[in-house]
Each structure stands twice: as structure tokens, then as C-alpha cells.
Amino acid sequence: MKKISFLFVLLILLLNHDGLCQKTPVVVKTLVKNFAGNGSIFVGEDGNIYINEYGTPNSDISGTGKRIFLVSPEGNVSTISKKVSGAVGNLKGKDGTYYFNNGNSFYKSDFMSLKDGKIKKIATLEGFSGDILMDSENAFVYIPSYTHPVLRKVSLDGTVEDYIKDDRLKGVTGITYGAEKTIFVSNFTTGKIFKIDQDRTIRELATLPIVYPGYVIGYITYFEEYIYATGYGANQIYRISMKGDVDVLAGSGKYMEKDGNSFEAGFITPNGIDVDEKRRRLYVSQNGNGKPASLRYIDLPKL
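All of the points below concern the structure found in this document.

Calculation criteria
Residues numbered from 1 in each chain as written. Predicted model: local features only at pLDDT ≥ 70, side-chain atom pairs only at ≥ 80, totals over all residues. Heavy atoms only, no water. Pairing = 2+ DSSP bridges. Helix = DSSP H or I, 4+ residues; strand = E, 2+ residues; numbered from the N terminus. Axes fitted to C-alpha atoms, helices over the stretch in contact; angles between N-to-C directions. 1 Å grid on protein atoms, 1.4 Å probe; cavity = no way out; pocket = protein on both sides within 12 Å on 5 of 7 lines; lining within 4 Å. Points joined across faces, edges and corners; volume = space filled by probe spheres on them. Nonpolar A, V, L, I, M, F, W, Y, C, P; charged D, E, K, R; others polar. Buried < 20%, exposed > 50% of the residue type's maximum accessible area, 1.4 Å probe, protein only. Contact = heavy atoms within 4.5 Å.

**A short note on the sheet that holds strand β4 (residues 68-71)**
Within a sheet, each strand pairs with its neighbour through backbone hydrogen bonds, oriented either parallel or antiparallel. As summarised here, the arrangement of the four strands in space is β2-β3-β4-β5, forming an open sheet in which the pairing is antiparallel. Whereas interior strands pair on both sides, the edge strands pair on one side only; in this sheet they are β2 (41-43) and β5 (77-81). Each strand axis lies, on average, 25° off the axis of its neighbour in the sheet, ignoring direction. Two elements, β4 and β5, share four bridges in a ladder whose sense is antiparallel. Residue pairing for β5: V71 is matched across the bridge by V77.

**Brief notes about the layout of surface pockets**
Taken as a whole, the largest pocket spans an internal volume of roughly 1,000 Å³. Lining the largest pocket are 32 residues, and of these F42, V43, K92, D274 and E277 lie nearest its centre. For the lining of the largest pocket, the secondary structure elements donating two or more residues are β2, β6 (88-92), β10 (133-134), β14 (172-177), β18 (217-223) and β23 (270-276). A per-element tally of the lining of the largest pocket places β23 first, with four residues. Among the residues forming the lining of the largest pocket, the class breakdown is 13 nonpolar, eight polar and 11 charged. Roughly 490 Å³ of volume is contained in the second largest pocket. Along the wall of the second largest pocket there are 21 residues; nearest its centre are Y54, F188, Y215, Y232 and N287. Each residue belonging to the lining of the second largest pocket can be placed in one class, and the counts come to 11 nonpolar, 10 polar and no charged.

**Observations regarding the environment of T79**
In this structure, T79 sits in strand β5. T79 sits in the partly exposed class, given a relative accessible area of 36%. For T79 and M112, which are 33 residues apart along the polypeptide, the C-alpha to C-alpha distance reads 17 Å. Ignoring any residue separated from it by four or fewer positions in sequence, one finds T79 in contact with R67, I68 and F69.

Laid out in C-alpha cells, this is it:
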């Protein structure tokens, strides 16, 4: 009896140990094979998926990609621009305008808009800019910086101000809203996720496992009290609770492209991530390290 009790306790401990057992099994599938869209992702209200082609980095870390893609939920791919330069960060406003950061490098990036086929420069920012987060009134956006310790606030008329300056923000590329417009940002190099309150207080929420130093988190998104993050160097997808608990949602950790259940599936440097809230579908782009890698998705179960 004592031996049986010990084994039962051991089983419970294993089931509750982060990273050993997936609390909610999911299935990883491929939507588009051999896809050049390896950057940030934005899902529109209609379910269409916008993905940048960052490409591969030049010596000044600017990307070689020239395109912005539009992918339907069924996997049909079209190109909405071929005239960009290593676009990073993206979103679509309520009026249909698409926003992105263009020509990112150590030195500068241009915050741009695209509407009706016309590209317009709104503002130039110092250094390499990350993802883009728009306020509820569509009056301005927040843009983090990979090269500078700052979160910037940029109005759509081109006015730029430093919203927060903090050394912990250097290396941040991911940004998303949580509940009640709380801002969360993720640091690509340190693997840390920070919560920013409305009074601009920064608090650390969690740190992702560092498998490949300096290349930890791609991008992040929020859905139903969880943050979902791409483990860029770990080749896994993480789910982070509002208490800071980190679980592996999917991925064996092996550098391979394979569909399948939770830990059977494989990723190749997962990077962009966003959720289609209506369909409960999580989309993931893959950097591919210079080679086209498929666009993946995960249907999220109700928790």
C-alpha cells in the first residue's frame, strides 16, 4: 500500500511540473508550406492574416525581405506590397490602414502606413523598432525598441515621444494588450516579459527558459487571461498565466518542422504570433534561418 501511495504522489508531481506535462493538449498544423512570411503577424477581425517578410539580416540587422503577405483562413496567399524593406511589427486600424516599421537597422526605422496601395512615412524612429500596439481610439501607437531602452508613443500625425525609458526595455520587440488595456512587453534577448501598468510602473511577470542565449522570445499575444509567446531559440510555444506561471503549449524543442500533438510537434525558430479570437486559432510564423518555413496554427481549446 505504501508503495502504491508513493507512486501515486510521484505521478501527481510529474503531472503538475511545468514543462513535463502539457496541461491542455493541443494539435499543431500547417496552413501554408514553404512560406516566406517569417516576421510579425496580425489577424484582422475578418480572420485574414497579415504577415511581414523580414527576410534575413544584413550586417546592420536590417532585413532583406521586400513583401507583406495577406493569408486567408483557408491558406490562400496574396501579396499586398513588394516595396518594403525588412518590415517589422504590424497592425491594421479600424479604417483599414495597415501600419508597419520599415527599414529597421541599428540606426533607424520608419513608421509607415499602407492604404489603397499607397505607402506613406509617418515618422522616423532611432534604432530598430519592434511590434506595434494601437490605443483604443486609434489616435496613437506604442512601439518598443530592440536597440534602445525605451517604449515610444507615436501619434498618427508623426509626433514621437518617449513613453517610458528603462534599461530593462532594451531588447524588447513584442508588445500586446492584456485585460483592461494593461500593456505587456517581451524582451527578445533576456526572455523576460514585463507588465506595464497605467501609471507606467514596470513589473516583471515571467522569464522564459533560455535555450539559445540572446534569442529567446519572438513576439507575444494575449487571449483569455494568458500570454502566448514564441520560444525563438527553444523552438517551442509558451503559455504564460497572469501569475507568471510558464507552460510549454506545444513543441518538442527539436529544430524541425513537424505537425502533431503538443510535444510531438516541431518548430523552426518560431517568431510571429497572433490569435484569431473568433475562431480561437493561434497562428505562428517561423524565421527559418534564411530558408522559407511554413505558417503554422493551433486551435485553442476552451479552458
